[in-house]
Amino acid sequence: MAHYSRRDFLKTGLAAAALAGAGSLPLRAARETATDWVTLGKSGIKVTRLAFGTGTANGRVQRSLGGQEPFNRLVRHAYDSGIRFFETAESYPEMHKMLGLALKGIPRDSYRLMSKVTTSDGVDPMQKIDELRKLANTDYFDIMLLHWQHASTWPADSARWQDGILEAQHKQAVIAHGASVHGLPALRQVPANQWLQVAMIRMNHKGVAMDAEDYMTSGLGNVNEVTTRVKEARQSGMGVISMKLIGQGNFTDREDRKAAMRYAFRNAGVDCVTVGYKSNEEIDEAIENLNLALA
């Protein structure tokens with residue numbers, strides 16, 4: 001029989017207890033990244049935290065890359081880097097068609113596609129959505145937003161378009177719906193709105209190109225109130241996508257671009273951000289900036 005001293009017994013007993021206890025400790029959560037899939041609230045739609053936007057200067061920047069092939073390469077670089085959420089709008093000329101061509105051949109269920117419709121009078125919503133689907137070469141949009149809602153009365157003003165998008169959902173041409181808003185009077189209507197599943201809201205740490213009382217203001221927006229409304233929207237179950245992270249292109253200092261990402265996720269608590277790009281380097285930087293913000 002082996003001889004154990006009291007000290008040996010205590011040492012082995014403590015080691016065994018430590019091992020047994022380790023099995024009950026919670027595992028450390030995996031590090032969050034820019035290309036993780038997240039759920040946009042009650043919509044149930046899963047998107048990557050970082051999206052590829054096509055509306056820089058209403059798409060002029062993307063259209064000026066030199067034609068379809070350079071744009072294709074940019075989209076494919078984003079996709080290969082893990083960005084699987086792409087967004088455009090009716091008011092970005094040519095961008096539905098260009099994005100559809102750039103994504104051609106990629107399995108449709110491997111990425112998410114969002115569009116935004118202009119809520120014009122005298123236009124049939126279902127007809128417009130079908131037109132945009134054909135331009136984008138897609139059977140459906142994962143998310144369809146009412147674009148540029150900027151009056152306090154927008155929930156009533158856009159009722160016909162809300163019904164049209166619901167009809168498109170019934171026909172499986174759209175999966176989820178929401179609105180993008182500009183100006184505090186419009187934004188204040190968001191948190192209590194029962195129709196909304198997704199809200200697109202301008203956000204950065206400096207208030208550049210953000211919401212103020214006047215939606216067309218050339219001055220700074222009210223960062224504190226916008227942040228409060230974002231939190232209220234999320235508490236009501238909405239998914240929140242933020243835009244204007246680069247201050248509409250005004251943040252030429254990378255430290256500002258990093259700070260904008262940190263603020264959006266750490267302070268406001270958005271689900272997802274969309275950024276417009278004109279180079280692979282900008283895509284790589286945005287991924288890195290968001291990874292740092294989440295670290």
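Scroll up a little and you will see the structure.
Residues numbered from 1 in each chain as written. Predicted model: local features only at pLDDT ≥ 70, side-chain atom pairs only at ≥ 80, totals over all residues. Heavy atoms only, no water.

1. Thoughts on the overall build of the protein chain
Moving on, step 1. Scanning the protein chain from terminus to terminus reveals eleven helices and ten strands.
Moving on, step 2. Along the longest, intermediate and shortest principal axes, the C-alpha atoms of the protein chain span 95 × 45 × 40 Å.
Moving on, step 3. A buried classification covers 49% of the 295 residues belonging to the protein chain.
Moving on, step 4. Pairs at least 24 residues apart make up 75% of the contacts formed inside the protein chain by residues separated by at least 6 positions.
Moving on, step 5. Taken as a whole, the protein chain presents about 14,400 Å² of accessible surface, with 50% of it coming from carbon and sulfur. (Helix = DSSP H or I, 4+ residues; strand = E, 2+ residues; numbered from the N terminus. Buried < 20%, exposed > 50% of the residue type's maximum accessible area, 1.4 Å probe, protein only. Contact = heavy atoms within 4.5 Å. Areas by Shrake-Rupley, 256 points an atom, 1.4 Å probe, with all protein chains shown as cover.)

2. Quick word on unusual backbone geometry
Moving on, step 1. In this model, Gln172 sits at a positive phi of 60 degrees, which is unusual for a non-glycine residue.
Moving on, step 2. Relative to the helices and strands, Gln172 resides in the loop between α7 (159-170) and β7 (174-181).
Moving on, step 3. Not every positive phi belongs to a glycine, and Gln248 is a case in point at roughly 60 degrees.
Moving on, step 4. Take Gln248: it is sitting in the loop between β9 (239-243) and α10 (254-268).
Moving on, step 5. Since its relative accessible area comes to 53%, Gln248 is described here as exposed.

3. Examining the packing of helix α4 (residues 95-102) against helix α5 (residues 125-136)
Moving on, step 1. At a closest axis distance of 7 Å, the pairing of α4 and α5 adopts a crossing angle of 45 degrees. One finds that α4 runs oblique with respect to α5. Counted together, His96, Lys97 and Gly100 of α4 and Leu132, Leu135 and Ala136 of α5 form the full contact between these two elements.
Moving on, step 2. Of the residues assigned to the contact of α4 with α5, the class counts are three nonpolar, two polar and one charged. (Axes fitted to C-alpha atoms, helices over the stretch in contact; angles between N-to-C directions. Parallel < 35°, antiparallel > 145°, perpendicular 65-115°, else oblique. Nonpolar A, V, L, I, M, F, W, Y, C, P; charged D, E, K, R; others polar.)

4. A look at the pattern of salt bridges
Oppositely charged side chains are able to pair whenever their charged atoms sit close together.
Moving on, step 1. As enumerated under the stated definition, the model contains 20 salt bridges in all.
Moving on, step 2. For Asp256, the salt bridge goes to Lys206, with nearest N and O atoms at 3.1 Å. Of this pair, Asp256 sits in helix α10 while Lys206 sits in the loop between β8 (198-202) and α9 (223-235), and the two are 50 residues apart along the sequence.
Moving on, step 3. A single salt-bridge network, built from bridges that share partners, covers Arg188, Glu213, Glu225, Arg229 and Glu232. (Salt bridge = Lys/Arg side-chain N within 4 Å of Asp/Glu carboxyl O.)

5. Remarks on the sheet that holds strand β10 (residues 272-276)
Moving on, step 1. An order of β3-β4-β5-β6-β7-β8-β9-β10 is seen for the eight strands of this closed barrel, with the pairing classed as parallel. Direction aside, neighbouring strands of the sheet carry axes that sit 25 degrees apart on average.
Moving on, step 2. Here α10 sits on the sheet and contacts β3 (50-53), β9 and β10; the angle it forms with β10, its principal contact strand, is near 160 degrees. (Pairing = 2+ DSSP bridges.)

6. A closer look at the pairing of β3
Moving on, step 1. Burial along β3 is two-sided: the residues Leu50 and Phe52 and Ala51 and Gly53 are all buried.
Moving on, step 2. Bridging between β3 and β10 involves four bridges; their strand directions are parallel. The residue of β10 that forms the bridge with Gly53 is Gly276.
Moving on, step 3. Where β3 and strand β4 (residues 85-87) come together, two bridges link them in parallel fashion. Bridge pairing links Phe52 to Phe86 in β4.

7. Description of the environment of Leu245
Moving on, step 1. Within the secondary structure, Leu245 is located in the loop between β9 and α10.
Moving on, step 2. Along the chain, Leu245 and Phe85 lie 160 residues apart, while their C-alpha atoms are 16 Å from each other.
Moving on, step 3. Ignoring anything within four residues of it in the chain, the contact list for Leu245 reads Met203, Asn204, Phe251, Ala260, Met261, Ala264, Val273 and Val275.

8. Looking at the packing of helix α3 (residues 68-80) against α4
Moving on, step 1. Relative orientation of the contacting elements α3 and α4 amounts to 60 degrees, with a least axis distance of 9 Å. For the crossing formed where α3 meets α4, the hand is right-handed. Where α3 abuts α4, its residues Gln68, Phe71, Asn72, Val75 and Arg76 lie against Met95, Met98, Leu99, Leu101 and Ala102.
Moving on, step 2. Class assignment of the residues belonging to the contact of α3 with α4 gives a composition of seven nonpolar, two polar and one charged. (Left-handed = near helix turned anticlockwise from the far one by under 90°.)

9. Points about the nonpolar core
Moving on, step 1. Formed by 72 residues in total, the largest nonpolar core has its most connected members in Leu50, Phe52, Phe86, Val190, Val273, Tyr277 and Leu290.
Moving on, step 2. For Val273, the contacting residues outside a window of four places in its chain are Arg49, Leu50, Ala51, Ser242, Leu245, Met261, Ala264, Phe265 and Leu290.
Moving on, step 3. One finds Val47, Ala176, Val198 and Met243 within the second-largest nonpolar core, a separate group that totals 15 residues. (Core = buried A, V, L, I, M, F, W, Y, C linked by side-chain atoms within 4.5 Å.)

10. A few points about α4
Moving on, step 1. Burial analysis of α4 places six of its eight residues in the buried class, the great majority of the element.
Moving on, step 2. Of all the positions in α4, only Met95, His96, Met98, Leu99, Gly100 and Ala102 are classed as buried.
Moving on, step 3. Considering only its buried residues, α4 is in contact with α2 (60-63), α3, β4, β5 (112-117), α5 and β6 (141-149).

11. Focus: helix α11 (residues 280-294)
Moving on, step 1. Between the first and last C-alpha of α11 there are 21 Å, a value that for 15 residues agrees with the 21 Å anticipated at 1.5 Å per step.
Moving on, step 2. Within α11 the residues assigned to the buried category are Ile283, Glu285, Ala286, Ile287, Asn289, Leu290, Ala293 and Leu294.
Moving on, step 3. Contacts from the buried residues of α11 go to β3, α3, α10 and β10. (Expected span 1.5 Å × (residues − 1).)

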